Amino acid sequence: MTSGQIFCVFMIGTGAVLLATVLLSLAKRRMTEPFCLAWGLFALLLLLAGCLLHPTELDRYISATGMLLILFLTYSVLVSAYALSRALSVLIRKNRELAVQVSILNAETERMARELYELARKAGDAGIKAAETGAGETRADET
């Protein structure tokens, strides 16, 4: 098998596996939609490139062992980038959830502050009336 054939098989295989992985991640909600779209397009490009490109002179520049090493490094970089985008998707989802919870807590805090203000105002009004009533009784007692 020549280096060009190894390269084409690698691109087709990686594209197929990546496309299946992206679809599963989207179905299981492990990755956000924009990331899935980007990885899906990349997987389709890999599939198309593997099917349409046929490098014939690659053996002159890279040996089969060198090609395997390059493909292994490329695969490692792809797996790392995919894991990073998946972790970033999880963080984005958690950030959205936290934003919703903070919004709910802010609304609850405002509601409690309004209730406290109303209670303080009612207590203040009742205190003023009690003070006026109490002052009127002491004045009546003095006379």
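Calculation notes
- Residues numbered from 1 in each chain as written.
- Predicted model: local features only at pLDDT ≥ 70, side-chain atom pairs only at ≥ 80, totals over all residues.
- Heavy atoms only, no water.
- Helix = DSSP H or I, 4+ residues; strand = E, 2+ residues; numbered from the N terminus.
- Expected span 1.5 Å × (residues − 1).
- Buried < 20%, exposed > 50% of the residue type's maximum accessible area, 1.4 Å probe, protein only.
- Salt bridge = Lys/Arg side-chain N within 4 Å of Asp/Glu carboxyl O.
- Phe/Tyr/Trp six-rings, centres within 6.5 Å; stacked < 30°, edge-to-face > 60°.

*Asks:* Summarise helix H1 (residues 3-27); cite the residues concerned and give the values.
*Replies:* Counted at 1.5 Å a residue, the expected span for H1 with its 25 residues is 36 Å, and the 36 Å between its end C-alpha atoms agrees. The complete set of buried residues in H1 reads Ser 3, Gly 4, Ile 6, Cys 8, Phe 10, Met 11, Thr 14, Gly 15, Leu 18, Val 22 and Ser 25. Downstream of H1 by a residue or two, Arg 29 has a phi angle that is positive, lying close to 60°.

*Asks:* Tell me about the pattern of salt bridges, and name the residues and values.
*Replies:* In total, this model carries four salt bridges according to the counting rule given. Between Arg 111 and Glu 108 there is a salt bridge, with its nearest N and O atoms 2.3 Å apart. Residue Arg 111 and its partner Glu 108 are located together in helix H4 (residues 64-142), separated by three residues, close to a single helical turn. For Arg 111, a relative accessible area of 34% puts it in the partly exposed group. Residue Glu 108 is classed as partly exposed on the basis of its relative accessible area of 34%. The salt bridge partner of Arg 121 is Glu 118, with a shortest N-O separation of 2.9 Å. In this pair, Arg 121 and Glu 118 both sit in helix H4, three residues apart, roughly one turn of the helix. Through salt bridges that share partners, Glu 108, Arg 111 and Glu 115 make up one connected network.

*Asks:* Go over unusual backbone geometry, please, and point to the residues and values.
*Replies:* Of note in this structure, Arg 29 is not a glycine but carries a positive phi near 60°. With respect to the secondary-structure elements, Arg 29 resides in the loop between H1 and helix H2 (33-52).

*Asks:* How would you explain the packing of aromatic side chains if you had to name every residue and give the values?
*Replies:* With the rule as written, the count across this model stands at two aromatic pairs. With centroids separated by 6.0 Å and ring planes inclined at 85°, the aromatic side chains of Trp 39 and Phe 42 adopt a geometry described as edge-to-face. Of this pair, Trp 39 and Phe 42 are both found in helix H2, three residues apart, which corresponds to roughly one turn of the helix. Phe 42 gets classed as partly exposed once you look at its relative accessible area, which sits at 33%. Put simply, the rings of Trp 39, Phe 42 and Tyr 82 pair up and form one aromatic cluster.

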